Amino acid sequence: MALPTPTLRTSRLLLRPFTDADAGPLFALQSDARVLRYWDSPPWTDPTRAVRFIARCRQMAEEGSGVRVAIERDSTFLGWCTFNSWNPEFRSTSLGYCLGEEAWGHGFATEAAEALLTWAFDTSDLNRVQAEADTRNAASARVLEKLGFTLEGTLREDCVVNGVVSDSWVFGLLRREWFAQQRGTARA
């Protein structure tokens, strides 16, 4: 079953399906060693990876296995946000995001992920969203906590990238928690 990729607007951002024109900025993002220092794979060195990534975005939507949106502000590509491993039977998915360094510290990751979460919880019977963050990536953990995720545990030594072993935190967010938080925000 297809999972249509949404186009979403926030007060500052546009979240939209990837286009072929995103290949250059996407490669620049994914080849930046500083951006990917806490990632579960090394920076890209081959520009054709961007073309394959965009093709995979379309394939995920067609298969119903996930959604990836490009994040832009004022027509400038900032990064992307995704739901991977969409499982309609378990009513679950995994959240991920990657933004360029110039976008850090402005609340864009939180804003984009919140828009995608709102869309998913409002348009599907999604019950659980999981996210992982390298234990050295306090900024990503803060994004997840601001969104209402709960730290559920640590995956010890679950990644080895270029010989560096690292741990990951696992966060979870349940449908009932999301809607309780949204009701509380509306009253505040």
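Described below are features of the structure shown in this document. On a predicted model such as this, the values are computed, not experimentally measured, just so you know.

1. Description of the sheet that holds strand β8 (residues 164-174)
Move 1: Spatial strand order, β1-β2-β3-β4-β5-β6-β8-β7: 8 strands in an open sheet with mixed pairing. The open sheet has two edge strands with one neighbour each: β1 (8-9) and β7 (150-161).
Move 2: Together, β3 (67-73) and β4 (76-87) form the strand contacts of helix α2 (residues 48-63), whose direction differs from that of β3 by roughly 125 degrees.

2. What to know about the packing of aromatic side chains
Move 1: If you walk through the whole model with that rule in mind, you get 10 aromatic pairs.
Move 2: With 6.4 Å between their ring centres and 50 degrees between their planes, Trp-86 and Trp-119 make a pair best called tilted. One end of the pair, Trp-86, is in strand β4; the other, Trp-119, is in helix α3 (residues 108-123), and 33 residues separate them in sequence.
Move 3: A relative accessible area of 13% means that Trp-86 is categorised as buried.
Move 4: For Trp-119, a relative accessible area of 15% translates into the label buried.
Move 5: Seen from their ring centres, Phe-121 and Trp-178 are 5.6 Å apart, and the 25 degrees between their planes marks the pair as stacked. Pair noted here: Phe-121 is in helix α3 and Trp-178 is in helix α5 (residues 175-187), with a separation of 57 residues, a long-range link.
Move 6: On the accessibility criterion, Phe-121 (1% relative accessible area) is buried.

3. Quick notes on the environment of Thr-93
Move 1: With respect to the element layout, Thr-93 can be found in strand β5 (residues 92-99).
Move 2: Given the relative accessible area of 3%, Thr-93 is considered buried.
Move 3: Residues Thr-93 and Ala-120, spaced 27 residues apart in sequence, show a C-alpha to C-alpha distance of 9.8 Å.
Move 4: Not counting the four nearest positions on each side in its chain, Thr-93 is found in contact with Phe-83, Asn-84, Ser-85, Trp-86, Leu-126, Arg-128, Val-129 and Gln-130.

4. Digging into the pairing of β3
Move 1: Extensive coverage of β3 is indicated by the burial of 6 of its 7 residues.
Move 2: Here β3 runs beside β4; their pairing, made up of 7 bridges, is antiparallel. Paired with Arg-68 across the strands is Thr-82, a residue of β4.
Move 3: The antiparallel pairing of β3 with β4 creates a hairpin that spans 2 residues between the two strands, and Asp-74 there sits at a positive phi of about 50 degrees.

Calculation criteria
- Residues numbered from 1 in each chain as written.
- Predicted model: local features only at pLDDT ≥ 70, side-chain atom pairs only at ≥ 80, totals over all residues.
- Heavy atoms only, no water.
- Pairing = 2+ DSSP bridges.
- Helix = DSSP H or I, 4+ residues; strand = E, 2+ residues; numbered from the N terminus.
- Contact = heavy atoms within 4.5 Å.
- Axes fitted to C-alpha atoms, helices over the stretch in contact; angles between N-to-C directions.
- Phe/Tyr/Trp six-rings, centres within 6.5 Å; stacked < 30°, edge-to-face > 60°.
- Buried < 20%, exposed > 50% of the residue type's maximum accessible area, 1.4 Å probe, protein only.

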